[in-house]
Amino acid sequence: MYINPNWTYKILPKLPKPPVWLISQIDRTYRPGSAQFSPDSREYLSIRKKADWKKQTYDWIQPMASNSNVRHYFSSDAIDWINKNITHEFQATNSGAMFFDEPQLPHTDVTRDFVLLYNLETGGPDSELCFWQEAGKSRTRERMLAVEHGAHLQLIDRIKGPFDSWYMVNARIIHSVENISTLRLNLQVSFDTALPQAFCKQHLT
């Protein structure tokens, strides 16, 4: 099945919304101290370079060296719900709730090529998910880029929020969330290098 590799995001309103019990599991206030994060830790993984990502299991992950935002691994009950209601073909050990406490540079993701997201908090009413292309570069890029804002970046797509729906992001295209004024918190279901064929047929075509 062919899917244009240059798509940026897709809103997926037909997917079931996360249940209240799953959302209530998330502690919106707790974050581990930065000293706990280590590339070799089984509980707290910090990624400073590509080699730090070994696809290991973790409780918390700090996926970008350019900020201190963190992601907490899903509970087994949440993983079971995703398996039954969303898809069973995903990176279970690389999925969870992401806390955005600091602005992020425009970037490509470190540990995956695609990610399915659901915003529990959008980061404020003016927050926008934006996609960029760097001058002289292809739209789809390598993992683990962090690019400063400037005239070399062209805005190619944008959407407010998004609000109240699952949405898929092509994480190999440079992206950022702009105009954040409060906490942004979302559920993240990760896909390594390809999306499941059955999921694409049902939701992305």
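A.B. asks: Tell me about the pairing of strand β7 (residues 128-134), and name the residues and values.
C.D. replies: In terms of burial, β7 is a largely internal element, six of the seven residues being buried. Note: β7 against strand β10 (residues 175-178), four bridges, orientation antiparallel. By the bridge assignment, Phe 131 is partnered in β10 with His 175.

A.B. asks: Go over the pattern of salt bridges, please, and point to the residues and values.
C.D. replies: Charged atoms that come close allow side chains of opposite charge to pair. The tally for this structure, following the rule as stated, stands at 14 salt bridges. Among the ionic pairs, Asp 52 bridges to Lys 49, the shortest N-O distance being 3.2 Å. A salt bridge links Asp 192 to Arg 143; the nearest nitrogen and oxygen atoms lie 2.6 Å apart. Here Asp 192, found in the loop between β11 (184-191) and α3 (197-204), pairs with Arg 143, found in the loop between β7 and β8 (153-160); they are 49 residues apart in sequence, far enough to count as distant. Here the salt bridges share partners, and the residues they tie into one network are Lys 55, Asp 113, Arg 143, Arg 172 and Asp 192.

A.B. asks: Explain helix α2 (residues 76-85) residue by residue, including any values.
C.D. replies: Among the residues of α2, those classed as buried are Ala 78, Ile 79, Trp 81 and Ile 82. Down the axis of α2, the sector holding all buried residues measures 160°, keeping them to one side. The exposed set on the far side of α2, more than 90 degrees from its buried face, consists of Ser 76 and Lys 84. Of the surrounding secondary structure, the elements contacted by the buried residues of α2 are α1 (20-24), β4 (70-73), β9 (166-170) and β11.

A.B. asks: I'd love a proper account of the sheet that holds β7, names of residues and values included.
C.D. replies: The strand order across the open sheet formed by three strands is β8-β7-β10, and the pairing between neighbours is antiparallel. Bordering the open sheet on either side are β8 and β10, each of which pairs with just one other strand. The sheet shows a mean angle of 30° between the axes of neighbouring strands, direction not considered. Pairing geometry for β7 and β8, over seven bridges, is antiparallel. Within β8, the residue paired with Glu 128 across the bridge is Lys 160.

A.B. asks: Residues and numbers for the nonpolar core, please.
C.D. replies: Counting 32 residues, the largest nonpolar core has Leu 116, Trp 166, Met 168 and Leu 187 as the members making the most contacts within it. At the level of secondary structure, the elements contributing two or more residues to this core comprise α2, β5 (96-100), β6 (114-122), β9, β11 and α3. Residues contacting Leu 116, with those up to four places away along its chain left out, are Leu 12, Leu 15, Ile 86, Trp 166, Tyr 167, Met 168, Leu 187, Gln 188, Val 189, Phe 191 and Phe 199. Ranked by size, the runner-up nonpolar core spans nine residues in total, among them Val 115, Leu 117, Leu 129 and Val 177.

A.B. asks: Account for unusual backbone geometry, naming residues and giving values.
C.D. replies: Of the consecutive residues Gly 161 and Pro 162, the connecting peptide bond is found in the cis state with omega at -10°. In the Ramachandran plot, Asp 164 falls in the positive-phi region, its phi being about 60° despite a non-glycine side chain. Along the chain, Asp 164 turns up in the loop between β8 and β9. Residues other than glycine seldom take positive phi values, yet Asn 179 does so here, at roughly 65°. With respect to the helices, strands and loops of the structure, Asn 179 is situated in the loop between β10 and β11.

What counts, and where the lines are drawn
- The residue numbering used here restarts from 1 in each chain and proceeds along that chain's sequence as written.
- In keeping with the predicted nature of the model, local features appear solely for residues at pLDDT of at least 70, side-chain atom pairs appear and are counted solely at 80 or more, and the whole-chain, interface and lining totals rest on all residues.
- Neither water nor hydrogens contribute to the side-chain values; these are computed over all heavy atoms in the structure.
- Three labels apply to residues, based on accessible area from a 1.4 Å probe with only protein chains included: buried if under 20% of the type maximum, exposed if over 50%, partly exposed otherwise in between.
- Helix numbering and strand numbering both begin at the N terminus, where a helix is a DSSP run of H or I of at least 4 residues and a strand a DSSP run of E of at least 2.
- At least two DSSP bridges between two strands are required for those strands to pair.
- The term salt bridge refers to a pairing of a side-chain nitrogen on Lys or Arg with a carboxyl oxygen on Asp or Glu at a separation within 4 Å.
- This arc is built from the directions going out from the helix axis to the C-beta atoms.
- Whether two residues touch is decided by their heavy atoms; if any such pair falls within 4.5 Å, the residues are in contact.
- In this analysis, axes come from line fits to C-alpha atoms, helices being fitted only over the stretch in contact, and the angle between any two N-to-C directions falls in the range 0 to 180 degrees.
- What we call a nonpolar core is a set of buried Ala, Val, Leu, Ile, Met, Phe, Trp, Tyr and Cys residues that are connected through their side-chain atoms within 4.5 Å.

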